[in-house]
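Observations on the three-dimensional arrangement
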2 protein chains.
Amino acid sequence: METILFDYLAKYITLTEEEKKILLDLDVFKQYKKGSILLREGQVSDFGYFVIKGCIRSFTMVDGVEKTTAFYTEAESCEPLCKINKKPSTSYVACVEDSILVVANSAMEVEVFEKFPRFETLCRLLSEELLANKKAEFDEFRTSSPEQRYLNLLNTRPDLFQRVPQYQIASFLGITPQSLSRMRNRLVDNPSQNS
Amino acid sequence: METILFDYLAKYITLTEEEKKILLDLDVFKQYKKGSILLREGQVSDFGYFVIKGCIRSFTMVDGVEKTTAFYTEAESCEPLCKINKKPSTSYVACVEDSILVVANSAMEVEVFEKFPRFETLCRLLSEELLANKKAEFDEFRTSSPEQRYLNLLNTRPDLFQRVPQYQIASFLGITPQSLSRMRNRLVDNPSQNS
DNA sequence: AAGATTCGTTCACTTAAGTTAAGAAAATCG
DNA sequence: CGATTTTCTTAACTTAAGTGAACGAATCTT
């Protein structure tokens, strides 16, 4: 179980056994059942989540309708906005599947940074990389049609279609479930511009 | 001129005079004329940009058409993806106006981190905050119609409409210039749901 | 100031997404 | 296993965005 976390971190720095122990001693591995809500609108929470196994999603409620804004699966991490800006959350975070997560708050991070200063470099690099990736993903979204976004998601995250209800994928693509259903028919009837 | 930079940084940590001097000694303030291209598709560059005065934008070329993906104005910073992943850039960065920028690369950052370790904490916090903001902005985009995005941009960055050609704003909103022009007419004829 | 280019608007037409509603299919739960 | 709830699909209609083309206005250039 820890190996998923340490393999992920190994891309940035190699941890010593002692450093690994510091992390494990924090007792950050938690299990959640499908449907568990980790963060609610209005809450101010300090916790971030790293997915060991399973899938979590964030969404907002707009006029009583869920709008899914992100999916996080194995080796991805979710840092809610309210953790950074300390304001009540405007979104929800919930488990799409039974999940095992690393759950940590800012106090735990500071504790680790003190015992183990290299960890802050790691977090900086990680956060810079996540930012760069998020920008690239946003650029892609901004410059694509719903159909291109759908085909792109099929290529980049095919697993999501097996794990997640379609209406959640639809709002993730910025369209209604009806449009997604219709679009898929269009594409099988006329499989022209699939990449 | 430096005050814009230091005021910005003051939100995160208060710099000593000595620390300020270290930054100024790097000689990072540069002037560019409107239209200057800072980064081209295919280049691998290590530089990031912080806007002191002026406006820069990033865009990609898709089938010979520019797609604007970001505008950066006073006290905003632009870290191109190629700086992080060291791969050839897929996008351009250019000056929309005559601009004064802080231009710095990774080597300069490392130099500062060594002389002045608190700067790394600052960069981590900054980068975490930028990531959180980018996610929020993306969420907003994803869950809005083009019209809502336009009204939202009018509220949040009204200055852009004075500084930037409309066809660039159109692709920033994810639509064509024709659609934007049409939409504005619709809204003045029928000023119903403006916030 | 004249000429060239860029930019914004308009128009007619096509295509796709939103909306509302209904029902089928699948998953969940007792 | 059957009942209930959730999810997906289909359909008819409405609305808005994409496309291609044309033209005038604004802006650069020299």
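Just so you know, these numbers come straight off a predicted model, no measurement behind them.

1. What about the relation of the copies chain A and chain B?
Laying chain A over chain B is done by rotating through 180° and shifting 0.0 Å along the axis; what remains is an RMSD of 0.0 Å. The transformation relating the two chain copies, once decomposed into turn and shift, fits a two-fold axis. Interface residue correspondence from chain A to chain B reaches 100%, placing this contact among same-surface, isologous pairings.

2. Brief notes about the protein's contact with DNA strand C
Close contacts around DNA strand C come from 16 residues, with A:K34, A:Q178, A:S179, B:Q166 and B:N185 the closest. Backbone atoms, meaning sugar plus phosphate, form 65% of the atoms of DNA strand C positioned within 4 Å of the protein. Between DNA strand C and the protein, one listed contact pairs a base oxygen with a side-chain N or O atom of A:Q178 at 3.4 Å. B:S181 places a side-chain nitrogen or oxygen 3.3 Å from a sugar or linking oxygen of DNA strand C. Elements represented by at least two residues in the surface near DNA strand C include exactly α9 (177-189) of chain A together with α8 (166-172) and α9 (177-189) of chain B. Its residues placed into classes, the surface near DNA strand C shows four nonpolar, eight polar and four charged.

3. A few points about helix α4 (residues 106-115) of chain A
Inspection of α4(A) places A:S106, A:M108, A:E109, A:V112 and A:F113 among the buried residues, and these make up the whole buried set. Down the axis of α4(A), the smallest arc covering the buried residues is 155°, so these residues share one side. Facing away from the buried surface of α4(A) by more than 90 degrees, the exposed residues are A:A107, A:E114 and A:K115. In this structure, the buried side of α4(A) is in contact with α2 (17-25), α3 (81-85), β8 (99-105) and α5 (118-142) of chain A together with α5 (118-142) of chain B.

4. Structural notes on unusual backbone geometry
For residues other than glycine, phi is negative in most cases, and the peptide bonds are mostly trans. Residues and elements named next belong to chain B. Positive phi outside glycine occurs at D27, with the angle close to 55°. Within the fold, D27 resides in the loop between α2 (17-25) and β1 (29-32). For D27, a relative accessible area of 51% puts it in the exposed group. Of note in this structure, D63 is not a glycine but carries a positive phi near 50°. Within the fold, D63 resides in the loop between β4 (56-62) and β5 (65-72).

5. Things to note about the side chain of A:S91
All names here are of chain A. Topologically, S91 is positioned in the loop between α3 and β7 (92-95). For S91, a relative accessible area of 16% gives the class buried. Those residues within four positions of S91 in sequence are excluded, and the remaining contacts are L39, R40, E41, F59 and T60.

6. As for the protein's contact with DNA strand D
Residues in close proximity to DNA strand D total 16 residues, the closest being A:Q166, A:Y167, A:N185, B:S179 and B:R186. Between A:S181 and DNA strand D, the recorded distance is 3.4 Å, taken from a side-chain N or O atom to a phosphate oxygen. At 2.9 Å, a side-chain N or O of B:R186 approaches a phosphate oxygen of DNA strand D. Residue composition of the surface near DNA strand D, grouped by class: four nonpolar, eight polar and four charged.

7. Comments concerning the domain arrangement of chain A
All names here are of chain A. You can read the domains of chain A as domain 1 (2-143) and domain 2 (145-195). Using only C-alpha atoms to locate each centre, domain 1 and domain 2 end up separated by 26 Å. At the junction of the two partners, domain 1 supplies 19 residues and domain 2 supplies 16 residues. Of the roughly 1,300 Å² buried between domain 1 and domain 2 on both sides combined, carbon and sulfur atoms contribute 48%. In this structure, the connection of domain 1 to domain 2 is made through three salt bridges.

8. So, the interface of chain A and chain B
Facing 33 residues of chain A, the contacting portion of chain B comprises 33 residues. For the pair chain A and chain B, the two sides together bury roughly 3,200 Å², of which 63% comes from carbon and sulfur. When the area that chain A buries against chain B is broken down by residue, the three leading residues are A:R124, A:F138 and A:R142, summing to 23%. At the boundary of chain A with chain B, the tally comes to four salt bridges. The interface formed by chain A and chain B contains 13 residue pairs in polar contact (both at pLDDT 80 or more). Element by element, the count of residues in the side of chain A that touches chain B is highest for α5(A), at 19 residues. Residues belonging to the side of chain A that touches chain B are distributed by class as follows: twelve nonpolar, nine polar and twelve charged.

Rules of the game
Residues numbered from 1 in each chain as written. Chains lettered and ligands numbered in written order. Predicted model: local features only at pLDDT ≥ 70, side-chain atom pairs only at ≥ 80, totals over all residues. Heavy atoms only, no water. Least-squares fit on C-alpha atoms with pLDDT ≥ 70 in both. Contact = heavy atoms within 4.5 Å. Near = heavy atom within 4 Å. Polar contact = N/O pair within 3.5 Å; in protein donor to acceptor, adjacent residues only side chain to side chain. Helix = DSSP H or I, 4+ residues; strand = E, 2+ residues; numbered from the N terminus. Nonpolar A, V, L, I, M, F, W, Y, C, P; charged D, E, K, R; others polar. Buried < 20%, exposed > 50% of the residue type's maximum accessible area, 1.4 Å probe, protein only. Arc of directions from axis to C-beta. Domains from an automatic or database assignment. Buried area = accessible area lost by both parts, 1.4 Å probe. Salt bridge = Lys/Arg side-chain N within 4 Å of Asp/Glu carboxyl O.

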